[in-house]
Amino acid sequence: MAVSVTDRFLRYVVIDTQSDASSKTQPSTEKQKNLGRLLVDELLSIGVSDAHLDEHGYVYGTIPSNTPKNSVPVICICAHMDTAPDFSGTNVKPQIVRNYQGGDIRLPADSSRVIRVADHPVLKDMIGHDIITSDGTTLLGADDKAGIAEIVAAAEFLINNPDIKHGTLRILFTTDEEIGRGVDKVDLKKLGADFGYTMDGGAAGSIEDETFSADAVDIAITGVAIHPGQAYGRMENAIRIAGDIIARLPRDMAPETTKGRDGFIHPTGLLGVMEKANLSFIIRDFTEEGLKTKEALLEKITRDVMENYQGSSYTFTVKEQYRNMKEVLDRHPEIVEHAVEAIKRAGMEPRRDSIRGGTDGSRLSFMGLPCANIFAGGHAFHSPLEFVSSQDMDKAVKTIVELAKVWEERA
Ligand SMILES: [Zn+2]
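Residues numbered from 1 in each chain as written. Predicted model: local features only at pLDDT ≥ 70, side-chain atom pairs only at ≥ 80, totals over all residues. Heavy atoms only, no water.

**Focus: the pattern of salt bridges**
And then number 1: Using the criterion set out here, one finds 27 salt bridges in the structure.
And then number 2: Notably, a salt bridge pairs Asp 330 with Lys 326, separated by 3.2 Å at the nearest N-O pair.
And then number 3: For Lys 326, a relative accessible area of 24% corresponds to the partly exposed category.
And then number 4: For Glu 402, the salt bridge identified is with Lys 405, shortest N-O distance 3.3 Å. Placement of the pair is Glu 402 and Lys 405 together in helix 10 (residues 390-409), with a separation of three residues, close to one helical turn.
And then number 5: Its relative accessible area of 25% is what places Lys 405 among the partly exposed residues.
And then number 6: Linked through salt bridges whose partners overlap, the residues forming this network are Asp 215, Glu 288, Lys 292, Glu 295, Glu 320 and Arg 323. (Salt bridge = Lys/Arg side-chain N within 4 Å of Asp/Glu carboxyl O. Buried < 20%, exposed > 50% of the residue type's maximum accessible area, 1.4 Å probe, protein only. Helix = DSSP H or I, 4+ residues; strand = E, 2+ residues; numbered from the N terminus.)

Structure (structure tokens):
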């Protein structure tokens, strides 16, 4: 008797796997391996005989090909085990609203936490579903334990139904995705996959082949420090210089004033004393050109401000973070086409989206494993209002199974 995707999911979310950006270790938190070990046991018990946890905390496993065709590409299906540092993932107590009949959902342990239909109109598509939430004091962890449960459930289904023909499928569970280090130590050679999918998207039916391109900018300002009593005409306070730069940033180019396909310049850190200050920014856009234009604008603002402080100096450092995976995926259109077909066969209307962020898949794509992102079904990620429906997770399992079939048929 197969374990339902929901039962697996409920088992995974109670294990705290929060990652920690300030940690220098890999994985960033040792506790992520607790889930990794459980997943290896579960994979072994359903027949994924090479499942193992490596020294970096990643879980690898293989579902061998069962088709006589030898031209079927090796497909990697990937999800991340960690949860976001933004909100507590300790002592998660999942709640199930069975046969949801509409209306707002008030979370039991904190009555100020309400999942409102007005904020989450997708609830209107979930009448009759079983909706899983946290109790309001933690996040749920559907991002991305829904993806993990779906992959394990799909693996079990494929192994138990050998009449379904498919090529080699590689399972990969990563750590530390939420802090941008998800694929730092992935062994692509060992993985040996041609193409991949992350199961880390939102609403049922969505497929994403586009992410932001992302850079970080660091501006280090050196001012002129002097005793305030003798400062007249001489002091150049680095804190004021930093303030002047921030004040000149265009208001319509911020995360809070942009959506859709518009990018932004976003100050994320400010450290300063009179003699020196440090400004950190993240820059986001869907095109390389848009990214460069925004960086040039930020540098011009800095230069213009510095004109007024002739004794002071600055350095302007750009650091590449990740790139829009569409550039890579456009060279292999079958990755998205096959996913669209699988979503249709699983009974949904496919929806193409772009991600205002990055995924493990965007980095994998540039490391040589072209990787699109398929829905896992969760909503309100990184917050205590996070929720996912059992029925949507079932649809994701079906999508993975159909995807394996489509790749085999079309090889
Ligand atoms: Zn995620």
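**A word on the UniProt feature "binding site: Zn(2+) 1" (unreviewed entry) in the protein chain**
And then number 1: Taken from the UniProt record, the annotation "binding site: Zn(2+) 1" (unreviewed entry) applies to His 80, Asp 143 and Asp 200. Taken together, the annotated residues stretch across 121 residues yet fold into one region, lying no more than 8.1 Å apart by C-alpha.
And then number 2: By the secondary structure assignment, His 80 is in strand 3 (residues 75-80).
And then number 3: Relative accessible area serves as the criterion here: at 1%, His 80 is assigned to the buried category.
And then number 4: When residues no more than four places from it in sequence are discounted, the contact partners of His 80 are Asp 143, Asp 144, Ile 148, Thr 174, Glu 177, Glu 178, Asp 200 and Asp 360.
And then number 5: A distance of 2.9 Å separates polar atoms of two side chains, one belonging to His 80 and the other to Asp 143. (UniProt positions renumbered as here; feature names shortened; annotations may be inferred. Contact = heavy atoms within 4.5 Å. Polar contact = N/O pair within 3.5 Å; in protein donor to acceptor, adjacent residues only side chain to side chain.)

**Concerning the coordination of the zinc ion**
And then number 1: The protein atoms donating to the zinc ion are His 80 (NE2), Asp 143 (OD), Asp 200 (OD) and Asp 200 (OD), with metal-donor distances spanning 1.9 to 2.6 Å.
And then number 2: Angles of 54 to 145° at the metal separate the four donor atoms of the zinc ion, which places the site in the irregular class.
And then number 3: Look at where the donors of the zinc ion fall in the sequence and you get H-x62-D-x56-D. One end of the pair, His 80, is in strand 3; the other, Asp 200, is in strand 9 (residues 195-201), and 120 residues separate them in sequence.
And then number 4: Residue class for Asp 200 comes out buried when judged on its relative accessible area of 11%. (Donors = N, O, S within 2.8 Å, 3.2 Å for Na, K, Ca; no water. Tetrahedral: all angles 85-135°; square planar, octahedral: opposite > 155°, others 65-115°.)

**Things to note about unusual backbone geometry**
And then number 1: Geometrically, the link from Gln 26 to Pro 27 is a cis peptide bond, its omega value of -5° lying close to zero.
And then number 2: Mapped onto the secondary structure, Pro 27 falls in the loop between helix 1 (5-13) and helix 2 (32-46).
And then number 3: The amide bond that connects Asp 143 to the next residue, Asp 144, takes the cis arrangement and shows omega of 10°.
And then number 4: In this structure, Asp 144 sits in helix 3 (residues 142-160).
And then number 5: Its identity as a non-glycine residue notwithstanding, Asp 176 has a phi of 60°, on the positive side.
And then number 6: For Asp 176, the location among the structural elements is in the loop between strand 8 (169-174) and helix 4 (188-191).
And then number 7: Classification of Asp 176 by relative accessible area gives buried; the value is 0%.
And then number 8: A positive phi angle, near 55°, is found at Ala 380, a position not held by glycine.
And then number 9: On the secondary structure map, Ala 380 appears in the loop between strand 16 (371-375) and strand 17 (387-389).
And then number 10: The class of Ala 380 is partly exposed, set by a relative accessible area of 22%.

**Some points on the sheet that holds strand 9**
And then number 1: If you walk across this open sheet you meet the eight strands as 1-2-8-3-9-16-10-15, and the pairing is mixed. Every interior strand has two partners, whereas the edge strands, strand 1 (52-53) and strand 15 (351-355), have only one.
And then number 2: Strands strand 9, strand 10 (206-211), strand 15 and strand 16 of the sheet are contacted by helix 8 (residues 334-345), whose axis makes an angle of about 50° with strand 9.
And then number 3: Of the strands in this sheet, strand 3, strand 8, strand 9 and strand 16 are in contact with helix 10, which crosses strand 16 at around 145°. (Pairing = 2+ DSSP bridges. Axes fitted to C-alpha atoms, helices over the stretch in contact; angles between N-to-C directions.)

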